[in-house]
Amino acid sequence: MMEAVVVKLPSFPFISPTISSPPSSPSFRLGFRRFSASLSAVKEGSVSLGHLTRPDFPILHQEVNGSKLVYVDNAATSQKPTAVLKALQNYYEAYNSNVHRGIHYLSAKATDEYELARKKVAAFINASESTEIVFTRNATEAINLVAYSWGLSNLKPGDEIVLTIAEHHSAIVPWQIVAQKTGAVLKFVSLDENEVPDVEKLREMISTRTELVVVHHVSNVLASVLPIEDIVIWAHKVGAKVLVDACQSVPHMVVDVQGLDADFLVASSHKMCGPTGIGFLFGKSNLLSAMPPFLGGGEMISDVFLNHSTYAEPPSRFEAGTPAIGEAIGLGAATDYLSGIGMQKIHDYEMELANYLYEKLCSVPNIRIYGPKPSDKVHRAAICSFNVKDIHPTDLATFLDQQHGVAIRSGHHCAQPLHRHLGVSASARASLHFYNTEEDVDDFIRSLQDTVSFFNSFK
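So, a few notes on the structure that sits alongside this text.

Rules and cut-offs
- Residues numbered from 1 in each chain as written.
- Predicted model: local features only at pLDDT ≥ 70, side-chain atom pairs only at ≥ 80, totals over all residues.
- Heavy atoms only, no water.
- Helix = DSSP H or I, 4+ residues; strand = E, 2+ residues; numbered from the N terminus.
- Buried < 20%, exposed > 50% of the residue type's maximum accessible area, 1.4 Å probe, protein only.
- Lys, Arg positive; Asp, Glu negative; His and termini not counted.
- Salt bridge = Lys/Arg side-chain N within 4 Å of Asp/Glu carboxyl O.
- Contact = heavy atoms within 4.5 Å.
- Phe/Tyr/Trp six-rings, centres within 6.5 Å; stacked < 30°, edge-to-face > 60°.
- Lys NZ or Arg CZ within 6 Å of the ring centre and 35° of its normal.
- Core = buried A, V, L, I, M, F, W, Y, C linked by side-chain atoms within 4.5 Å.

## Brief notes about the side chain of Asp-198
Relative to the elements of secondary structure, Asp-198 occurs in the loop between β7 (185-189) and α6 (199-205). As a buried residue without a salt bridge, Asp-198 has its nearest oppositely charged side chain in Lys-201, at a separation of 5.6 Å. For Asp-198, the contacting residues outside a window of four places in its chain are Val-189, Ser-190, Leu-191 and Asp-192.

Structure below.
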């Protein structure tokens, strides 16, 4: 197991972020300042999607620790375009009010915009109707909603839930809790020789005892993409339901829930250029209608008596209390923004960036990149989790941030079982979005090579 290296860096007094000029020291610099967007480095006629969209993201145009910010931590969260920020500001400045409960203008306006956001999300993933979209705090809550409402009502001793070892903790832990309560059994599919969940083993594992298959669409560690359409067909043949964790696919590619035919699908706003604090569950209408409430309280009821209550129809049944109104409206604005670009265009551009990132990372000495090698038949998402021999990933991430202004992720990425299978406790991860550029990748690689050289100098 790798041990973190403790490196003695110069200590600094606390300095509040400013927009002043950077300190004069050429080496260790702290604080940040705005960095103007520029297309000067782009040759005429070859402006990339990243260069075209970067001006829409104010946060990207700054210096961090004395260097231009290079944000390559998009699998953790995405940045927000001005359109989303303005939608949030407009809600709070112009029509802030509670929804579904008032007849005055502000409440009616807020209600209309909140429900319009639901329609936008439904259209974005091609749901057949907006009532199939339930707003939740995040994708984790969406999975828990299915686990506690559908799972506790439908699973019994001996029933099997099929998952892969590459699932996010939020797709494992709720089902462990439900299995303990119901006697259901969790079965896990391992990886094949290409470090991709073994789809053939998954197909073999699905049987008449299977009640639910829980799978990611795109792995947040391996960057692999699972054939959801095929998995759904195999599951439905034995009467099983399928829940898809689409957190890493909905923001980056065309996702058509009717085409996939999945029974449940979850995603998070904050990964798709929307606000934090809201996600959504897609569920087929017949399934949602048969599910009991997840939480009790206001808004989710039809009538309340002293000895019992009746419940509203979905999606209200699953949205107890005051919802995240501004955040939902912001999510709607995010879907407008992404749709305005075109999800196929985003996907095609990111595939080019993904291959470029993988190729450049391979040039770093003693690096181990996890997941499949890209080829004509194997397409990786724009995510690379990796380790460099004898250097702890947190040391890499810390030095990249403090000395180069590069933001990556380090840790187990909420995928401890997968990391144990890979024989490591943690990894570093660089992940891209459509507003990244090849220059971002080049800056990251140069910074990583400098970082590796720094730590190797201690050997």
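## Some details on the pattern of salt bridges
Applying the stated criterion across every chain, the model contains 17 salt bridges. Here Asp-336 ties to Lys-120 by a salt bridge, and the two come within 2.7 Å at their closest N and O atoms. In this pair, Asp-336 sits in helix α10 (residues 325-341) while Lys-120 sits in helix α3 (residues 105-124), placing the two residues 216 residues apart along the sequence. A relative accessible area of 41% means that Asp-336 is categorised as partly exposed.

## Looking at the packing of aromatic side chains
Here the structure, examined in full by the defined rule, presents 15 aromatic pairs. Between Trp-150 and Phe-264, the aromatic rings sit 6.4 Å apart at their centres with planes inclined by 65 degrees, giving edge-to-face as the arrangement. On the criterion of sequence distance, the pair formed by Trp-150 in helix α4 (residues 139-154) and Phe-264 in strand β10 (residues 264-268) is long-range, its members being 114 residues apart. Each member of the pair, Trp-150 as well as Phe-264, is classed as buried. Chaining the aromatic ring pairs together yields one cluster made of Phe-57, Tyr-337, Phe-434 and Tyr-435. Here the guanidinium or amino end of Lys-109 rests over the ring plane of Tyr-95, the centre of that ring lying 5.4 Å away.

## Remarks on the nonpolar core
Ranked by internal contacts, the top residues of the largest apolar core, which has 99 residues, are Leu-361, Phe-434 and Phe-444. Sorting elements by how many residues they give to this core places helix α11 (residues 343-361) first, with nine residues. The contacts of Phe-444, once residues within four sequence positions are left out, are Leu-357, Leu-361, Phe-386, Leu-400, Val-406, Ile-408 and Ala-430.

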